[in-house]
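Each chain, written out:
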Amino acid sequence: MPFEDEFSHALRVTAEASPPPAVELLAVGAQQRGRRKKLRRALVASTATMALVAGGGVLVAQLRPTASAQAADPPTATSNGTSAAAASPTAATSPVAATSAPPVTTEQMLTLLKQQLPPGTRLSDGTGQGVTPDPNVKADGPMASYTVTDSQGQGRVMINLQRVPTPVDLNFKTLVCADPALPTIACTRTQLPGGAYLRITKDSFRLGESDLLDWRAELQRPDGILVTASSSNFLTNHTDATRDQPPLSTDQLAALAQAPVWLDAARGVTPDLGYIDATAHTWLPLPLDDILHTAAPLLPAGLTELEPGGEPSFAHFLVDDGDGRSLVRVTVEDWSVYQKGKFNGGDISNQFTDSPTLPDGSRINADTQDPYGPYPDVVCNEVSVLRPDKLLVRVDAFNGTDYKGSATRDKPALTLDQLKAIALSPTWHGAAK
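All values derive from a computational prediction rather than experimental measurement.

Trainee: Can you help me understand the pattern of salt bridges in this one?
Mentor: When charged atoms on two side chains of opposite charge get close, those side chains can pair. Within the structure shown, the criterion is met by 11 salt bridges. With its nearest N and O atoms 2.8 Å apart, the salt bridge here joins Arg243 to Asp150. Of this pair, Arg243 sits in the loop between strand 7 (225-232) and helix 6 (250-257) while Asp150 sits in strand 2 (residues 143-150); the two residues are 93 residues apart in sequence, bridging distant segments of the chain. Arg243 sits in the buried class, given a relative accessible area of 8%. Of the residues examined, Asp150 reaches a relative accessible area of 32% and is grouped as partly exposed. A salt bridge links Arg409 to Asp321; the nearest nitrogen and oxygen atoms lie 2.7 Å apart. Highlighted residues: Arg409 in the loop between strand 14 (391-398) and helix 9 (416-423) and Asp321 in the loop between strand 10 (314-320) and strand 11 (325-334), separated in sequence by 88 residues.

Dropping the structure here:
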């Protein structure tokens, strides 16, 4: 699919997913409902998001590309095996009683967030919502957000509480870190005592002369409670950064997300059934090893998979034909289980409406992007195939070792014809089979 078409699609999806400007950081709710950003769409998703920011919109959570983000350090482990953030959360008395109290209100959420922030923090422009939905906020679950002002300028801080259906698939849902081959997001994922997972992410995007930063800590508990704490160096409807870094560090966000008060506050929150279960509503992931093992014999003679990696459905590796290393990404998604849901967007077939149809009924998109989006030195050959059984196979090859860095060779190691041969191979199989 041409970059312009991917950009338009990503812009439409992002615009539909974004909440009103008054709750700029609450798109995390939409993301946690299962509108999981595919690694193969990382670039266009972030570009579309920045277009929304420039137009007075919001920065969507999980905006995959980040080039200048510093690596987020994982929580420091203490002698008893807990993270430092978990061992020493900010103590505060919850205004929500432990038993038989009514559901948390907007005022209580704002008070709770204020209590968890460092003493003396200057707060303004508070926006909140309790368990009872506020039609003017349109957030998912209880939330609170403030503008923070200090000697470095102004930024935002937000807490959002949700509950997802149990049992929670902690190994596939959104608490999995992004593809390490993409230098687009700094991410660490730590398993905590009791089975919870804590993910720390740093997103950074260049917009004009500003680096917009969105840092967050996401705590997913086995009981379904999902706590997201985030901080940014920009404000609602601002197209420029208002400070160099967000007002809270990732360590502070980790402590904020793990504060015990949120367990009381989440009481009364019903599971969000719109939190998409990929095994029932969108697509099934093919195991990473299956992708790598299937792709290996399909490579042209003399090429092998170097430094393989990725996650279920999204594999990456390098090849070297003697002219320099070249990044190859392989995406395999089984859409045969797709069911339209409230939040999960459209069927993958919508992206192949105008695509050529092959004799076996497969639809194919093939394109060379030169340059690849806003990266003048990057060239990408890409082929996407949607088979009649709704198996999507996409193969991308780049003229460097990542998709947005400086080129290490003139052209990708694999041509469009070679990528077509890989994507059209009958050896690919879906997870639903």
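Trainee: Help me understand the pairing of strand 2, please; the structure alone is not making it clear to me.
Mentor: Regular strands have side chains that alternate between both faces of the sheet. Among the eight residues of strand 2, seven are classified as buried, and the element is accordingly described as predominantly covered. Where strand 2 meets strand 3 (residues 153-163), eight bridges bridge the pair, whose relative direction is antiparallel. Residue Met143 lies in a different strand from strand 3, and its bridge partner there is Asn160. Adjacent in sequence and paired antiparallel, strand 2 and strand 3 are bridged by two residues.

Trainee: Where do I start with the nonpolar core in this structure?
Mentor: Buried together is how nonpolar side chains tend to be arranged in soluble globular proteins. With 33 residues, the main nonpolar core has Met109, Leu113, Ile159, Val227, Leu256 and Trp262 as its most contacted residues. At the level of secondary structure, the elements contributing two or more residues to this core comprise helix 5 (106-116), strand 2, strand 3, strand 5 (197-207), strand 6 (210-220), strand 7, helix 6 and helix 7 (261-265). Contact partners of Met109, with chain neighbours within four places excluded, come to Val104, Gln129, Gly130, Pro142, Met143, Ala144, Ile159, Leu161, Trp262 and Ala265. Among the nonpolar cores identified, the runner-up in size contains 26 residues, and Leu391, Val395, Leu414 and Ile422 belong to it.

Thresholds, definitions, all that
- Residues numbered from 1 in each chain as written.
- Predicted model: local features only at pLDDT ≥ 70, side-chain atom pairs only at ≥ 80, totals over all residues.
- Heavy atoms only, no water.
- Salt bridge = Lys/Arg side-chain N within 4 Å of Asp/Glu carboxyl O.
- Helix = DSSP H or I, 4+ residues; strand = E, 2+ residues; numbered from the N terminus.
- Buried < 20%, exposed > 50% of the residue type's maximum accessible area, 1.4 Å probe, protein only.
- Pairing = 2+ DSSP bridges.
- Core = buried A, V, L, I, M, F, W, Y, C linked by side-chain atoms within 4.5 Å.
- Contact = heavy atoms within 4.5 Å.

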